[in-house]
Amino acid sequence: MQLNSTAASVFAYALHNGADFAELFLEDRDDVSIDYTDRVNEVSRMRSFGAGLYLLKGNSGAYVYLNDLSEPALRRAADNALALMGASGKGSGMPAPFSVLRRENPCPVAVSPSEIGQEKKISMLRDAGLYASSLPDVSCCRVTWFDRDQRVTILNSEGTYAEDRRVTTRMRFIPIVARNGETASSFSEYCAAAGMEAFESGKHLEQLKASCDRLRGAIGAPEAPSCRVPVVLEAGACSGTFFHEACGHQLETRSLQQDGIFWDLRGQKIASPKVTLIDDGTLPNLYGSSRFDDEGMPRQRNTLIENGVLKGFLADRIGARRLGLSRTGSGRRQDYAHAPGPRMSNTFLAAGTDDDDEMIRDMDEGLYVTEIGGGTGGREFTLLAACAYWVKNGRIGPRVKGAILVGRGDETMLKIDRVGRRFVFEQGGGSFCGADSGFIPTTTSGPRMRIAEMLVGGKGEKL
Amino acid sequence: MIDLTGYQRVLDHLPGGIARAEVNAERIRCTDIAIQDGRAVSSVSFDQTKYYIRAGSERLGTVYTERPDDDAAALFRMASENARWTDAGDTPMNGAERCFSDTDSGENEPVRDMIALGAKTESALNPANVHGLHVRVTERELRTVNSLGLDSFTHCHWAEMNAAVSLPRPGMQAAEAEANVSAARLSQLDPDAFARKALALAERTDGGAMKPMAVSSSAYDCVMTGQVLRNILMTAWRCFSAETMQSGSSCFREPGEKIGSSFVNFINAPIHPLSGKKMPVDSEGTPMRETAVVQGGMLANPLSTLSSARKFGTESNGCAGRIPVMTGNVPIALTTVPGLFFLKPDAQNTQGQLIKRMGTGFVLTYSLDLFHSVNIASGQFSVPCGGYFVQNGETAGSVSQMTVAGSLRDLFTAVEAVGDDLDFDDFYFRNYCVGSPSALLRGLKFSG
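Here the structure is a predicted model, which means the values were calculated and not measured. (Residues numbered from 1 in each chain as written. Chains lettered and ligands numbered in written order. Predicted model: local features only at pLDDT ≥ 70, side-chain atom pairs only at ≥ 80, totals over all residues. Heavy atoms only, no water.)

Student: Describe the overall build of chain A, listing the residues and the values that go with them.
Tutor: When helices and strands are counted, chain A shows nine helices and 22 strands. Its C-alpha atoms give chain A a radius of gyration of 24 Å, near enough to 23 Å, the size a compact globule of 463 residues would have. If one aligns the C-alpha atoms of chain A with their principal axes, the spans along those axes are about 75 × 55 × 35 Å. The buried share of chain A, reckoned over its 463 residues, is 63%. Roughly 16400 Å² of accessible area belongs to chain A as shown, and the carbon and sulfur atoms make up 48% of that amount. In chain A, the 56 positive side-chain charges and the 59 negative ones have mean positions that sit 1 Å from each other. (Helix = DSSP H or I, 4+ residues; strand = E, 2+ residues; numbered from the N terminus. Rg over C-alpha atoms; globule rule 2.2 N^0.38 Å. Buried < 20%, exposed > 50% of the residue type's maximum accessible area, 1.4 Å probe, protein only. Areas by Shrake-Rupley, 256 points an atom, 1.4 Å probe, with all protein chains shown as cover. Lys, Arg positive; Asp, Glu negative; His and termini not counted. Charge placed at Lys NZ, Arg CZ, Asp CG, Glu CD.)

What follows is the structure, given as structure tokens:
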């Protein structure tokens, strides 16, 4: 289709019939996945091709997506969206002429996975499978390869024309570790906003080994006790994920609109003065980075908390409209089948000034968490401590399992009493965050930090 | 009916080198409207067809597309090419004997009716705080056609409403309750009944504005409301998949195993009067049968597909599907997916009776973290939760930021009675749902 002229015509139609803003998100995406467990279970290729038409009128929005990108189909979609918004009568706006936005790709690709045959990818899976089977107590390991080549074009009635190409590669490991009749399994992933070159260093195998070691360590380990103790979160994804769940989602405009706890607190202290929290979608080679957000706005660095004081929020277009904020390049979506929403990208706690070792040495008793297995955000947030150790008299003691950390973001962030000096990016390259606008790639990073007291849920006895 | 004429033509004369082929197409038409102040504030609408193509000889490869005009022969060849790499062994496929048709097309539900229903419901919810009231209408067609003569088709239609509701409590931030309801038709959704249900849930969730109380970590009896049990089952159903058991990644191993008390009965069904959703046929074209998965605490009939049933020497109970993984990838691999999976209620016990019978303990009204709190391989769970405490039959105070932990076997064994208040959660756009009533459980480990 003649994209520019079709989009201009559909936008003019939508604006003439009552919308005050129109956007078209086009996506053409190829995915390959290969599933391997001692043998190749499945090789799949997927082609996704469609568009989402997003109309706004005041603070109302309607999103219609479709696979037929002809002008008549897009006009029908516009009619559908206008009806959903209750738009009637004549609008007076005319779409602006398109102006192409250009930005450097923060995640350049050296070797595109689409240029590599399946043999090479299968061979990498086989190597990973063999490596897993050489590790102690690993009874089985499922390894899955994913590569994605997503081409998007975002046009809107304000004249935005933005193209982006996002290539990612990923290997997922699901080892089963069995010893003394006890079984442990979980999944971990090595993700890259890069091509095949991301797998040349062998770091993905280090990730696999760490995953198996962690599972083995859990077997026979005592259950974590339930208690309120100081908690140290290791540098990297641990401390970053804490902020992602404790406040990140609450700082997105969608949460702010739904009775968010931080809305009235701009300029006020919401965390320990040791906390400076940033979300930055421009950082090179990180899983949450791209040229533009999914509303065609160049990505940017957003300071959310500075020295404990709330500085900003993450706003998509409609959230910014509804709350009278500026957009922050944070309008993201999984694909054309999702309307955009305000989302995090690469969220990190800035390095502090405290001694990394002292914060453990200084503890009488507490929990040292080296891996978070996921969590949920909200007024109350939870973090699963996938790998944790009991600390006694300043020494790291035995591994404990089954610990889950529970708290309220607004209370817990004030209790952070140490932020270390050594900053570490998320190990494993990134992960996915799920919310209304789908699953999107993100990273969470930071230095080691300590929370003076937190609820640890577990079923063990006092250690 | 989804038009697969182009595919059928190729299936009748398969290209050289392809012995078997199949196309499974799923069309979903859906409109979802968020209502606020009596009007639509945001809406999503789509009409999308997904095509999953499998082809090969003994082994099958898969290709996925969303374009109805793609060349069917080329797609079959591409799938067959993918099969070349696999060593997965013979993949079973249904034949002509499984042909099935079930049509329930209904009429389009006008948008104005959806908005009017939402507005009426919002008004009926007054004076509660409503955070996101959605009205959604969905039509789903599923058709599977293959070179062995199978032509299996179903067309379902349902309407849903859901809302997050909290009650105005001066001086405190009341906890939110999420209520939902579904029916075959929009006209069958009753705004007043839904509002009553949502308000009652909100009242229970925030503990009736009781003062918060602290409790020490220990073993307690509890009544888990259906909401909390459904959150656990949202992950735990996977333990009952034959495929998961066979791969060693379920904490349960085989049929015949005792997994809970005699009050525990899990059922998987294609339909249920309390849900508008229907799953009469699966993605392999097998009609879904109502199945007693766990009977009297005994694992009886695991959820199965053609492949996993064959390994157990049984017949598939129609649970083949594609399930979204939490990464945004198109779920292309056929795997085990339930229909309406639920804990069988007991008409003899109301929730109030269960609480009375408990005497002293927690009434858990909400839980957090559906995705990470249950490990299906080890069976261990640690669920963040809250609710209120009951002492000698009297409510004593609300509790929050607690966890309940144990193993699924402990949990199911601790069930002493099951209530009559079965309800289902549809959970976003997933093509399955889980249901549970309240249950009384003895001696679970709590921390707080």
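Student: Help me get a handle on the overall build of chain B, residues and values and all.
Tutor: Check the secondary structure of chain B and you find nine helices and 21 strands. Relative to the 2.2 N^0.38 estimate, which gives 22 Å for 448 residues, the radius of gyration of chain B is 23 Å and therefore close to what a compact globule would have. Structurally, chain B occupies a C-alpha span of about 75 × 50 × 35 Å along its principal axes. Summarising the internal contacts of chain B: among those between residues at least 6 apart in sequence, 72% fall at separations of at least 24. Just so you have it, chain B exposes about 16300 Å², and 49% of that area is on carbon and sulfur atoms. (Contact = heavy atoms within 4.5 Å.)

Student: Residues and numbers for the nonpolar core, please.
Tutor: In summary, soluble globular proteins display a tendency toward joint burial of nonpolar side chains. In this structure, B:Met224 and B:Leu408 are the most contacted members of the largest nonpolar core, which totals 60 residues. The leading source of residues in this core is helix α5 (residues 226-236) of chain B, at six residues. Excluding residues within four positions of it along the chain, B:Met224 makes contact with B:Leu229, B:Ile232, B:Leu364, B:Val404, B:Leu411, B:Pro437, B:Ser438, B:Ala439, B:Leu441 and B:Leu444. Counting 55 residues, the second largest nonpolar core, distinct from the first, contains A:Ala51, A:Ala77, B:Ile35 and B:Leu201. (Core = buried A, V, L, I, M, F, W, Y, C linked by side-chain atoms within 4.5 Å.)

Student: I'd love a proper account of the side chain of B:Ser447, names of residues and values included.
Tutor: In this fold, B:Ser447 is placed in strand β21 (residues 439-447). A distance of 2.5 Å separates a polar atom in the side chain of B:Ser447 from a polar atom in the side chain of B:Thr403. Beyond its immediate sequence surroundings of up to four residues, B:Ser447 is in contact with A:Ser226, A:Val456, A:Gly457, A:Gly458, B:Ser217, B:Met402 and B:Thr403. (Polar contact = N/O pair within 3.5 Å; in protein donor to acceptor, adjacent residues only side chain to side chain.)

Student: An account of the pattern of salt bridges is requested, with residue identities and associated values reported.
Tutor: Here the structure, examined in full by the defined rule, presents 62 salt bridges over all chains. Across the pair A:Arg151 and A:Asp30 runs a salt bridge, and its minimum N-O distance is 3.0 Å. Of this pair, A:Arg151 sits in strand β5 (residues 138-156) while A:Asp30 sits in strand β1 (residues 21-36), placing them 121 residues apart in sequence. With relative accessibility at 24%, the residue A:Arg151 sits in the partly exposed group. The class of A:Asp30 is partly exposed, set by a relative accessible area of 29%. With a shortest N-O distance of 2.8 Å, B:Arg442 and B:Asp221 are connected by a salt bridge. Placement of the pair is B:Arg442 in strand β21 and B:Asp221 in strand β8 (residues 218-224), with a sequence separation of 221 residues. On the accessibility criterion, B:Arg442 (28% relative accessible area) is partly exposed. Here the salt bridges do not stand alone but share partners, grouping A:Asp28, A:Asp30, A:Arg47, A:Asp149, A:Arg151 and A:Arg165 into one network. (Salt bridge = Lys/Arg side-chain N within 4 Å of Asp/Glu carboxyl O.)

Student: So what's going on with the domain arrangement of chain A? Which residues, and what values?
Tutor: Interface extent is often summarised as the accessible area lost during association of the parts. Residues and elements named next belong to chain A. Taken domain by domain, chain A holds domain 1 (3-29 + 44-101), domain 2 (113-151 + 164-218) and domain 3 (227-457). In total, about 1400 Å² of surface goes out of reach between domain 2 and domain 3, with carbon and sulfur atoms giving 45% of it. The largest per-residue losses of area from domain 2 upon contact with domain 3 belong to Asp164, Cys191 and Arg214, which jointly make up 38% of the total buried on that side. Counting the contacts that link domain 2 with domain 3 gives four salt bridges. As a salt-bridge pair, Asp164 and Arg291 come within 3.0 Å of each other at their nearest N and O atoms. For the side of domain 2 that touches domain 3, the residue count by class is five nonpolar, four polar and eight charged. (Domains from an automatic or database assignment. Buried area = accessible area lost by both parts, 1.4 Å probe. Nonpolar A, V, L, I, M, F, W, Y, C, P; charged D, E, K, R; others polar.)

Student: Break down helix α5 (residues 237-248) of chain A for me, with residues and values.
Tutor: Residues and elements named next belong to chain A. Along its twelve residues, α5 runs just 14 Å from first to last C-alpha, ending more than 12% under the 16 Å computed at 1.5 Å per residue. Judged by how many residues are buried, α5 sits mostly within the fold: twelve of twelve residues are covered. Residues of α5 that are buried: Ala237, Cys238, Ser239, Gly240, Thr241, Phe242, Phe243, His244, Glu245, Ala246, Cys247 and Gly248. (Expected span 1.5 Å × (residues − 1).)

Student: Account for the sheet that holds strand β11 (residues 298-299) of chain B, naming residues and giving values.
Tutor: Residues and elements named next belong to chain B. Spatial strand order, β11-β10-β9-β14-β20-β19: six strands in an open sheet with mixed pairing. Whereas interior strands pair on both sides, the edge strands pair on one side only; in this sheet they are β11 and β19 (423-425). The pairing of strand β9 (residues 266-269) with strand β14 (residues 340-343) spans four bridges and is antiparallel. Looking across to β14, one finds that Phe266 is bridged to Leu343. (Pairing = 2+ DSSP bridges.)

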